[in-house]
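# Commentary on secondary and tertiary structure
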Amino acid sequence: MIPIAEAIGGAPQTIGSLLDWPASLYAGRPAIDSCKIVTFGELRERSVIRAGVLANFGVRRFERWGLIADNSPEFFISLFALSQLGAVVAPVSTIQTGE
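Residues numbered from 1 in each chain as written. Predicted model: local features only at pLDDT ≥ 70, side-chain atom pairs only at ≥ 80, totals over all residues. Heavy atoms only, no water.

## Quick notes on the environment of Leu79
Topologically, Leu79 is positioned in helix α5 (residues 73-84). Leu79 sits 64 residues away from Ile15 along the chain, and the two C-alpha atoms are 8.2 Å apart. (Helix = DSSP H or I, 4+ residues; strand = E, 2+ residues; numbered from the N terminus.)

Right, here's the structure in full:
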């Protein structure tokens, strides 16, 4: 097995760019298997669309964003979308209590 950084010709610059490599090789394979299976290709396509929407709402590079979502495809789509824009993502668990 080849390390990802070597296979893509260098280390990915962001979490968002980390998705490009598996999406190009395994577009039709499942990336997320929850209530609905999302393939790598769908994950990349939906995150690019969401990044465009977030950019139109004013999300910019180096801004800090809290991401509150359950462990679902929507969480990962938003995580990759924010990362593609260069935003700093702080995931917040919906199952953690204050204890």
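## Comments concerning the confidence of the model for the protein chain
Fine structural detail should not be taken from predicted coordinates in areas where pLDDT scores are low. Per-residue confidence for the protein chain averages 82 on the pLDDT scale, and 82% of its residues sit at or above 70. The least confident element of the protein chain is helix α1 (residues 4-7), whose mean pLDDT is 50; the most confident is helix α4 (residues 40-56), at 94. The low-confidence segment residues 1-5, where pLDDT is below 50, has 5 contacts with residues more than four positions distant or belonging to other chains. (pLDDT = per-residue confidence, 0-100. Contact = heavy atoms within 4.5 Å.)

## Some thoughts on the packing of α4 against α5
At a minimum axis distance of 8 Å, the contact between α4 and α5 shows a crossing angle of 60°. Considering the angle they form, α4 stands oblique to α5. Crossing hand, α4 versus α5: right-handed. Here α4 contributes Leu43, Arg46, Ser47, Val48, Arg50, Ala51 and Leu54 to the contact with α5, which in turn contributes Glu74, Phe76, Ile77, Ser78, Phe80, Ala81, Leu82 and Gln84. For the contact of α4 with α5, the class distribution of residues is 9 nonpolar, 3 polar and 3 charged. (Axes fitted to C-alpha atoms, helices over the stretch in contact; angles between N-to-C directions. Parallel < 35°, antiparallel > 145°, perpendicular 65-115°, else oblique. Left-handed = near helix turned anticlockwise from the far one by under 90°. Nonpolar A, V, L, I, M, F, W, Y, C, P; charged D, E, K, R; others polar.)

## Regarding the pairing of strand β1 (residues 30-33)
In the case of a regular strand, side chains alternate between the two sheet surfaces. Of the strand pairs in this sheet, β1 and strand β2 (residues 37-39) are connected by 3 bridges, and their pairing is antiparallel. The partner of Ile32 across the bridge, within β2, is Val38. The turn joining β1 and β2, which pair antiparallel and follow one another in sequence, is formed by 3 residues. (Pairing = 2+ DSSP bridges.)

## What to know about a nonpolar patch on the surface
On the surface, Ile49, Val53 and Phe57 cluster together to form a nonpolar patch covering roughly 340 Å² of accessible area. Within the secondary structure, Val53 is located in helix α4. Looking at Val53, the relative accessible area reads 40%, which means it is partly exposed. (Patch = residues over 30% accessible without salt bridge, like charges linked within 9 Å, V, L, I, M, F, W, Y side chains within 5 Å. Areas by Shrake-Rupley, 256 points an atom, 1.4 Å probe, with all protein chains shown as cover. Salt bridge = Lys/Arg side-chain N within 4 Å of Asp/Glu carboxyl O. Buried < 20%, exposed > 50% of the residue type's maximum accessible area, 1.4 Å probe, protein only.)

## Some thoughts on the pattern of salt bridges
All chains considered together, the criterion is met by 3 salt bridges. We note a salt bridge from Glu74 to Arg46, for which the minimum N-O separation is 2.7 Å. In this pair, Glu74 is assigned in helix α5 and Arg46 in helix α4, connecting sequence segments 28 residues apart. Overall, Arg46 belongs to the partly exposed group, its relative accessible area being 30%. Salt-bridge contacts for Arg50 lead to Glu74; the nearest nitrogen and oxygen are separated by 2.6 Å. Separated by 24 residues along the polypeptide, Arg50 in helix α4 and Glu74 in helix α5 bring together distant segments of the chain.

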